[in-house]
Amino acid sequence: MDATDSVSPAGTGAAEAAGAAEAQPIGVPAGAGRAGAGWAGAGRAGAGRAGAGSAHADPAGAGRRGRLVGLALACHPGPALAVTALGCALALGSGLGGPRSALVTAAVLTGQLSVGWCNDAYDARRDADAGRRGKPAADGTVEARAVWAAATGALALCVPLSLACGALAGTVHLAAVTAAWLYNLRLKATVLSWLPYVAGFGALPAAVALSLPGGPWPRWWTVTAGALLGFAAHLADTLPDIAADRAAGVRGLPHRLGERGTRLLLPGPLLGATAVLAFGPPGPVDAGGAAALVLAGAAALAGPALGRRWRKAALAGAVAVAAVDLALLLARGAAGF
């Protein structure tokens, strides 16, 4: 949930798009100045005024479009959409029904948007000092105060949407969103940096279950598996940036463990999450659980091992394990929740 710096490989495309925007200043269409000079030189005053008006209108329009694109990229769209899709899949798989699932999805989406915008706005100055690409609030594509306004607005929408899912379900979800904001504002640079991830990912299946008619308490294995995946997501997401974050003064848990320690620890919670889902429900492990353990084990070990060749390999491995776990959970239907 968290929705934090980046929890999905989809963020790579966003970073490249934002980097392109940084390389070419937004709001200055090519050739606009030459066109205005040509009209003036020809002595056609009326046309010159029209040309000047067009030259002034285009940069304004391009600037607005650039700011909107920057604002969209500042929300960390990859992680936001990934966590929202996860919440939607869990809601539909639990048997919640279309309208109720849509409500849960909207609550998760607004919460994720608020967390992503808060992250970029708060880190804008540090990202600018570090020269990080793909950070619209840091490279001037959009003002930090506009990103703060968007974060506040999304959070204001998240509160009633969450509570509409049920008082207890809404409280659980809002607690997870609060933890993600605390990560952005304080916990990211401390030894407790893992806590918001554990709280957020563990809270997601809990909030979905509590949204069901009667508000049944969630199965312990879904909450535990979610928490373990959240811990792994934090390790995998931070691993490629440990050196750069250390230079910026960030000292979260992965930074204290170092690259080698984080790489060695990562498979543990990934395999643990799948094992909890396979062995947690009553009865013997079925064929689906056994297959999930094999697939998750391969992905959990391959990701960190390939990290030296592809910087996002560990994160990709974590995403693959999460997909296997989600498939196992959904295959069991409403009984798995």
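Novice: I'd like a rundown of the overall build of the chain, residues and numbers included.
Specialist: Secondary structure assignment for the chain yields 16 helices and 0 strands. Counting all 337 residues of the chain, 47% fall into the buried class. Sequence-distant contacts in the chain: of pairs separated by 6 or more residues, those separated by 24 or more amount to 76%. Taken as a whole, the chain presents about 14,900 Å² of accessible surface, with 67% of it coming from carbon and sulfur.

Novice: Requested: an account of the packing of helix α4 (residues 77–93) against helix α10 (residues 195–210), with residues and values cited.
Specialist: Close contact between α4 and α10 brings their axes to 9 Å; oriented N to C, the two are set at 35 degrees. α4 and α10 meet at a crossing whose hand is right-handed. Within the contact between the two elements, α4 uses V83, L86, G87, L90 and A91 and α10 uses L204, P205 and V208. Among the residues making up the contact of α4 with α10, the classes are represented as 7 nonpolar, 1 polar and no charged.

Novice: Can you tell me about the confidence of the model for the chain, naming the residues and giving the values?
Specialist: For the chain, the average pLDDT comes to 82, and 80% of its residues sit at 70 or higher. No element of the chain has a lower mean pLDDT than helix α1 (residues 11–23), which averages 36, and none a higher one than helix α9 (residues 167–185), which averages 97. Within the model, the stretch residues 1–57 combines pLDDT values under 50 with 76 contacts to residues more than four positions away or in other chains.

Novice: Residues and numbers for the packing of aromatic side chains, please.
Specialist: Within a pair of aromatic rings, the relevant descriptors are the distance that separates the centres and the angle that separates the planes. Scanning all chains against the criterion turns up 4 aromatic pairs. Seen from their ring centres, W148 and W181 are 6.5 Å apart, and the 45 degrees between their planes marks the pair as tilted. You can see W148 sitting in helix α8 (residues 144–164) and its partner W181 sitting in helix α9, a full 33 residues away along the chain. Given a relative accessible area of 30%, W148 falls into the partly exposed group. Ring geometry for W194 versus F231: centroids 6.3 Å apart, planes at 80 degrees, classification edge-to-face. Of this pair, W194 sits in the loop between α9 and α10 while F231 sits in helix α11 (residues 220–238); the two residues are 37 residues apart in sequence, bridging distant segments of the chain. You can call W194 partly exposed: its relative accessible area is 26%.

Novice: Help me get a handle on the side chain of T110, residues and values and all.
Specialist: Note that T110 resides in helix α5 (residues 98–122). Side-chain polar atoms of T110 contact the backbone oxygen of A106, separated by 3.0 Å. With sequence-adjacent residues up to four places away left out, T110 is seen in contact with A154, L157, C158 and L161.

Novice: Go over the side chain of T238 with me, naming the residues and quoting the values.
Specialist: Looking at the element boundaries, T238 is found in helix α11. Judged by its relative accessible area of 6%, T238 is buried. Ignoring anything within four residues of it in the chain, the contact list for T238 reads D245, P254 and H255.

Novice: Any chance you could break down a nonpolar patch on the surface for me, citing the residues and the numbers?
Specialist: Taken together, the side chains of V191, L192 and L195 make up a nonpolar region of the molecular surface, amounting to roughly 220 Å² of accessible area. As for its placement among the helices and strands, L195 is situated in helix α10. Taking the relative accessible area as the measure of exposure, L195 reaches 36% and is therefore partly exposed.

Novice: Pulling in residues and values, what's your account of α9?
Specialist: For α9, which comprises 19 residues, the first-to-last C-alpha distance of 26 Å matches the rise-based estimate of 27 Å (1.5 Å per residue) to within 8%. Taken as a whole, α9 has its buried residues at A169, G170, H173, L174, A176, V177, A179, A180, W181, Y183 and N184. On its buried side, α9 packs onto α5, α8, α10 and α11.

Rules used throughout
Residues numbered from 1 in each chain as written. Predicted model: local features only at pLDDT ≥ 70, side-chain atom pairs only at ≥ 80, totals over all residues. Heavy atoms only, no water. Helix = DSSP H or I, 4+ residues; strand = E, 2+ residues; numbered from the N terminus. Buried < 20%, exposed > 50% of the residue type's maximum accessible area, 1.4 Å probe, protein only. Contact = heavy atoms within 4.5 Å. Areas by Shrake-Rupley, 256 points an atom, 1.4 Å probe, with all protein chains shown as cover. Axes fitted to C-alpha atoms, helices over the stretch in contact; angles between N-to-C directions. Left-handed = near helix turned anticlockwise from the far one by under 90°. Nonpolar A, V, L, I, M, F, W, Y, C, P; charged D, E, K, R; others polar. pLDDT = per-residue confidence, 0-100. Phe/Tyr/Trp six-rings, centres within 6.5 Å; stacked < 30°, edge-to-face > 60°. Polar contact = N/O pair within 3.5 Å; in protein donor to acceptor, adjacent residues only side chain to side chain. Patch = residues over 30% accessible without salt bridge, like charges linked within 9 Å, V, L, I, M, F, W, Y side chains within 5 Å. Salt bridge = Lys/Arg side-chain N within 4 Å of Asp/Glu carboxyl O. Expected span 1.5 Å × (residues − 1).

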